[in-house]
Amino acid sequence: MSSDWLLNGSSGEDYSTDEATFYDETDMSGQTIDSISRSLQRFDWPDYVVFVLMLLICIVIGIFFGYQDHQKHKRRREQARRESEALDYLVGGRKMQIFPVSVSLVASWISGISLLGTSTEIYVYGTQYCYIVFAVIIMGFALHHIFLPVFHELQITSAYEYLQRRFDQRMRLFGSILFTVACLLWMPIVIYVPALAFNQVTGLSIHVVTPIVCMICVFYTSIGGLKAVVWTDVIQSGVTLLALLAVLIKGTYDIGGPAEVLHRNIAGDRLEIPIIDPDPTLRHSIWIILIGAPVWFCYGVSCSQDMVQRFLSLPTLNDARKALKGFVIGWIVVNLIFFLLGILVYATYYRCDPLTTQLARAKDQLLPLFVMETFAAYPGMTGVFVAGIFSAALSSLSSALNALSAITLEDFCKPYCKKPLTEKQIGYIMRGSVLIYGALSVLLSLLVEHLGTVMQLTMTLSSASGAPLFGLFVMGILMPWVNGTGALYGGVTGLFVMLYMCYKAQYSIASGSRTFDTKPVSVEECSYEYAYNRTDGLVDAESDLEQFEKSIYHMSYMYFTLFGTSVTCLAGTVVSFLTKLRGNYHQAPIDPKLLAPCIRKMQAGGIPLTFQAVPTDRKQAEMKETECS
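Remember, it's a predicted structure, so these values are computed and weren't measured experimentally.

Colleague: Outline the overall build of the protein chain, supporting the account with residue identities and numerical values.
Modeller: Assigned secondary structure in the protein chain consists of 24 helices and zero strands. Put simply, the protein chain has 629 residues, and 59% of those count as buried. Taking as baseline every contact in the protein chain between residues at least 6 positions apart, the subset at least 24 positions apart corresponds to 86%.

Colleague: Outline helix α13 (residues 305-312), supporting the account with residue identities and numerical values.
Modeller: Since there are 3.6 residues in each turn of an α-helix, residues three or four apart along the chain are aligned in direction. Where burial is concerned, most of α13 is hidden: eight out of the eight residues are buried. Regarding α13, the residues found buried are Gln-305, Asp-306, Met-307, Val-308, Gln-309, Arg-310, Phe-311 and Leu-312.

Colleague: Account for the pattern of salt bridges, naming residues and giving values.
Modeller: Tallying each qualifying case throughout the model produces 10 salt bridges. Between Lys-519 and Glu-272 there is a salt bridge, with its nearest N and O atoms 2.7 Å apart. Residue Lys-519 is found in the loop between α20 (484-511) and α21 (535-546), and its partner Glu-272 is found in the loop between α11 (258-267) and α12 (286-302); the two are separated by 247 residues along the sequence. Judged by its relative accessible area of 16%, Lys-519 is buried. Taken together, the salt bridges that share partners define one network made up of Asp-269, Glu-272 and Lys-519.

Colleague: Give a description of the state of the cysteines that names residues and reports values.
Modeller: Counting across every chain of the model gives one disulfide. Note on cysteine connectivity: Cys-352 is disulfide-linked to Cys-526, with sulfurs 2.0 Å apart. Here Cys-352 and Cys-526 share a disulfide; its torsion about the S-S bond, 110°, makes the bridge right-handed. Taken together, the residues Cys-352 in the loop between α14 (317-349) and α15 (354-357) and Cys-526 in the loop between α20 and α21 connect sequence positions 174 residues apart. Exposure class is identical for Cys-352 and Cys-526. Each is buried.

Colleague: Just give me the short version of a nonpolar patch on the surface, but keep the residues and values in it.
Modeller: Residues Phe-134, Ile-137, Ile-138, Phe-141, Ile-276, Trp-287, Leu-290 and Ile-291 make up a contiguous nonpolar surface patch of roughly 760 Å² in combined accessible area. Elements represented by at least two residues in the nonpolar patch include exactly α7 (133-154) and α12. Counting residues per element, the nonpolar patch draws most heavily on α7, at four residues. Among the structural elements, Phe-141 can be located in helix α7.

Colleague: Describe in detail the environment of Ala-243, supporting the description with residues and values.
Modeller: Tracing the chain through its elements places Ala-243 in helix α10 (residues 206-255). In the structure, Ala-243 is positioned 143 residues away from Val-386 in sequence and 8.3 Å away in space, judged by C-alpha atoms. Non-local contacts of Ala-243, meaning those with residues more than four positions away in its chain, are made with Val-384, Phe-385 and Gly-388.

Colleague: Describe unusual backbone geometry, with residues and values.
Modeller: Located in the positive-phi region is Asp-269, a residue other than glycine, with phi close to 60°. Residue position: Asp-269 is located in the loop between α11 and α12. For Asp-269, a relative accessible area of 39% translates into the label partly exposed.

Colleague: Talk me through the packing of α12 against helix α22 (residues 560-582); I want residue IDs and the actual numbers.
Modeller: Contact geometry of α12 with α22 gives a least axis separation of 7 Å together with a crossing angle of 75°. By the criterion of interaxial angle, the relationship of α12 to α22 is roughly perpendicular. In this structure, α12 uses Ile-291, Gly-292, Val-295, Trp-296 and Tyr-299 to contact α22, whose residues at the interface are Thr-561, Leu-562 and Thr-565. Looking at the contact of α12 with α22 residue by residue, the class counts come to five nonpolar, three polar and no charged.

Colleague: Account for the packing of aromatic side chains, with residues named and values stated.
Modeller: Across all of its chains, the model carries 10 aromatic pairs by this definition. Residues Phe-147 and Phe-470 carry aromatic rings whose centres are separated by 6.0 Å and whose planes lie at 40° to one another, so their mutual orientation is tilted. With Phe-147 in helix α7 and Phe-470 in helix α19 (residues 454-478), the pair connects residues that are 323 residues apart, well separated along the chain. Given a relative accessible area of 6%, Phe-470 falls into the buried group.

Colleague: I'd like a rundown of α11, residues and numbers included.
Modeller: Turning to α11, its buried residues are Val-261, Arg-264 and Asn-265. Buried positions in α11, seen along its axis, are confined to an arc of 100° and lie on one side of it. Facing away from the buried surface of α11 by more than 90 degrees, the exposed residues are Ala-259, Ile-266 and Ala-267. One or two steps after α11, the chain reaches Asp-269, where phi turns positive at roughly 60°.

Colleague: Could you give an account of the side chain of Gln-358, naming the residues involved and the relevant values?
Modeller: By the element assignment, Gln-358 lies in the loop between α15 and α16 (366-374). On the accessibility criterion, Gln-358 (1% relative accessible area) is buried.

Colleague: Outline the nonpolar core, supporting the account with residue identities and numerical values.
Modeller: In terms of nonpolar packing, the biggest core is built from 167 residues, with Phe-51, Tyr-162 and Phe-327 touching the most fellow members. Tallying contributions element by element places helix α9 (residues 169-202) first for this core, with 19 residues. Ignoring sequence-local partners within four residues, the contact set of Tyr-162 consists of Val-150, Phe-151, Leu-154, Ile-156, Phe-473, Gly-476, Ile-477 and Leu-594. Core analysis: the second largest hydrophobic core is formed by six residues, Cys-413, Leu-421, Ile-426 and Ile-429 among them.

Colleague: Explain the environment of Gly-383 to me, using residue names and the numbers behind them.
Modeller: Tracing the chain through its elements places Gly-383 in helix α17 (residues 381-413). On the accessibility criterion, Gly-383 (0% relative accessible area) is buried. As a C-alpha pair, Gly-383 and Asp-44 span 339 residues in sequence and 8.5 Å in three-dimensional space.

Rules behind the numbers
- Residues numbered from 1 in each chain as written.
- Predicted model: local features only at pLDDT ≥ 70, side-chain atom pairs only at ≥ 80, totals over all residues.
- Heavy atoms only, no water.
- Helix = DSSP H or I, 4+ residues; strand = E, 2+ residues; numbered from the N terminus.
- Buried < 20%, exposed > 50% of the residue type's maximum accessible area, 1.4 Å probe, protein only.
- Contact = heavy atoms within 4.5 Å.
- Salt bridge = Lys/Arg side-chain N within 4 Å of Asp/Glu carboxyl O.
- Disulfide = S-S within 2.5 Å.
- Patch = residues over 30% accessible without salt bridge, like charges linked within 9 Å, V, L, I, M, F, W, Y side chains within 5 Å.
- Areas by Shrake-Rupley, 256 points an atom, 1.4 Å probe, with all protein chains shown as cover.
- Axes fitted to C-alpha atoms, helices over the stretch in contact; angles between N-to-C directions.
- Parallel < 35°, antiparallel > 145°, perpendicular 65-115°, else oblique.
- Nonpolar A, V, L, I, M, F, W, Y, C, P; charged D, E, K, R; others polar.
- Phe/Tyr/Trp six-rings, centres within 6.5 Å; stacked < 30°, edge-to-face > 60°.
- Arc of directions from axis to C-beta.
- Core = buried A, V, L, I, M, F, W, Y, C linked by side-chain atoms within 4.5 Å.

Rendered as C-alpha cells:
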C-alpha cells in the first residue's frame, strides 16, 4: 500500500471497511484512530441504566393508557364501544389538553434527524440554515388562517377523508397511499439516526440496535394509542431537552465561554449573513428559505396525518390554534439549541477536523463524538444524551405509526367493508398495522446508510410523495375550480415527476456528480496520527467540473416540494379546464366548509372562482330537454 495513505491532509469522504482495517493493522507511533475510538466507547452501567429506564417509562405509559381505555370501554354498550374505541385510540376522544399536544407536536417534528442533522449542517456548511426559523413562522400563519379552520370544522379522524368530501372516493384512497409511501420513506431514516449515535458510543452494530428499539416503540404505540404517544412525547421531550442543555453548558464551559465559541466560528467562516443570490441551485439562500422551505413545512404539518391528528384531538379550533402557537415557539426554541450545538461542535474541532481524520466515520456522528469526549469523566451523562436522541426518534416514530394505524382503519378498511367492523376487528386492524409498518421500517433502514446526510435526504425523499399530496390539499382548499378528475391526474403527474426528480437528485449525490461547497476545516493541531488518500482531491475536482452541466434536479432540496406542488396544481387546473370545456363533467356545488375562509369570502363577494364552460346551441337544447323531462 502506498505511503500516501499516511500523509496528513483534509478529506470529508468516508473510507471503506478495508481502509478501517488498515488502520488497525498498521504499526504507528503514538495514538491511532482505532485506539482513540476504542477509548471513547465507554458506555458503562450508569449509561445503560439511564437508557433502559427511558425505554421502561415508555412501556409503562403505553400499558397504563391501554389498560385505562380498556376499562372505560368495558363499561359501555357494545355499539357505542365500537365507535368510541377507535376515537379514543386515534384522537384521544377529542378531549386532549393544549400543553401536552403542543409538546407532542414539537416532539413529533423534532426527531433524531433534526438533532444530529442540524449540528452537522452547521459544522459542514455554515449557519445559512439557521434562517429557516422565518420559514416556520410563515408556515404558522398559513396553517392558522387556511388549513386549521377547514379541518376542525369538519371534525374528521383521517385527514384524507377531506379529499373524499371535496373530490371523490378515488382521491381519498390516492391521498392515503401517498401519505403511507411518504411515511415508509421517512421512518427508516428516523430509526437509523439514533442507531448511528448508539454505534458511535458503544460500537454495537446499528443492525442490532434498530430492531430492538423499534419493537419497544411498536409495543407501547399499539397498546396505548394516541394518549400513550402524546404523554411519552412529553416525557421524551424532557429527557431530550435535559441532554441537550447539559451538552451545551458543559461544552461551552470547557472551551472557555460563549465569547471563545463565537470567536472561533467567526475565524472559521461559519457565521454568515443571508445569501441573497437568487440562483435556485444553491444549497441555501434567503430566497430558498423564504419561498421553498415554508411549502415543505406546510406539507409536513398541514396534510400529514400524524400532525393533523393531534390538532383534531383538541376540542375547539381556538385550542388548536393555541397548540399551533406553542408548536411554532417550541420548534424555534429547540432549534436554537441545535444551532448553538452546531457552532459549539465546530469551536471544539476547529483545529482538528474529525471527518478528515476519520475519527468520525460519518458526518452525522459528529455530535455523538463530541458528547463522548465532553462527558468522558461523567458516568451516566453519555447515557442521558443517547436516551435523548432515542427519545426524539421514538416520539416521531410512534406518531407516524399511530397515524398509519388511523389511515389503515379509516381509509383502507372502513370504506370497503360491507358490514360495520366488530370490536375485535377494529383492534386487530389498528394494532396489527402498527406491527407491520414497524417491521417494514426496520427492513428499509438497512438502505439508509448508503444515501448521504440525513437532513437533506429527509427533505428530498419526503418531497417524492409529499409534494403531490400537498398539491391535492392546495387544490381542494384554495382552488375551487379543480374537480375530482383534474385532482387525480394532477396528483399522478406530480407523483411521477417527483419520483424521477428525487431519484436523479439522490443518484447525482451518491455518484459524486453533484457536490456542494463545504466550509474550510483544519487539521493543524491534531495530536494523533491518521490516514489520508490523495486521490480524494482528484475526485472532488472532477465533480466540480461536472457541476457546470446543471439540470433541473440540481435545484436546492428545499425547492423540491414547491416544484412538485406547482406541477400537481398546474396539471390539475389544465385537466379540470379541459373536462369542463368538453362539457362531460358536472361538478356539484362545493360545501363552503371545504374551502379556506379567504376563498369563502371571495365567493360570497361575487368573485368567480370556477371555470364556466360555454355550451353550444345543441348542448343548450339538450340541457333544456333534460330539465323539462
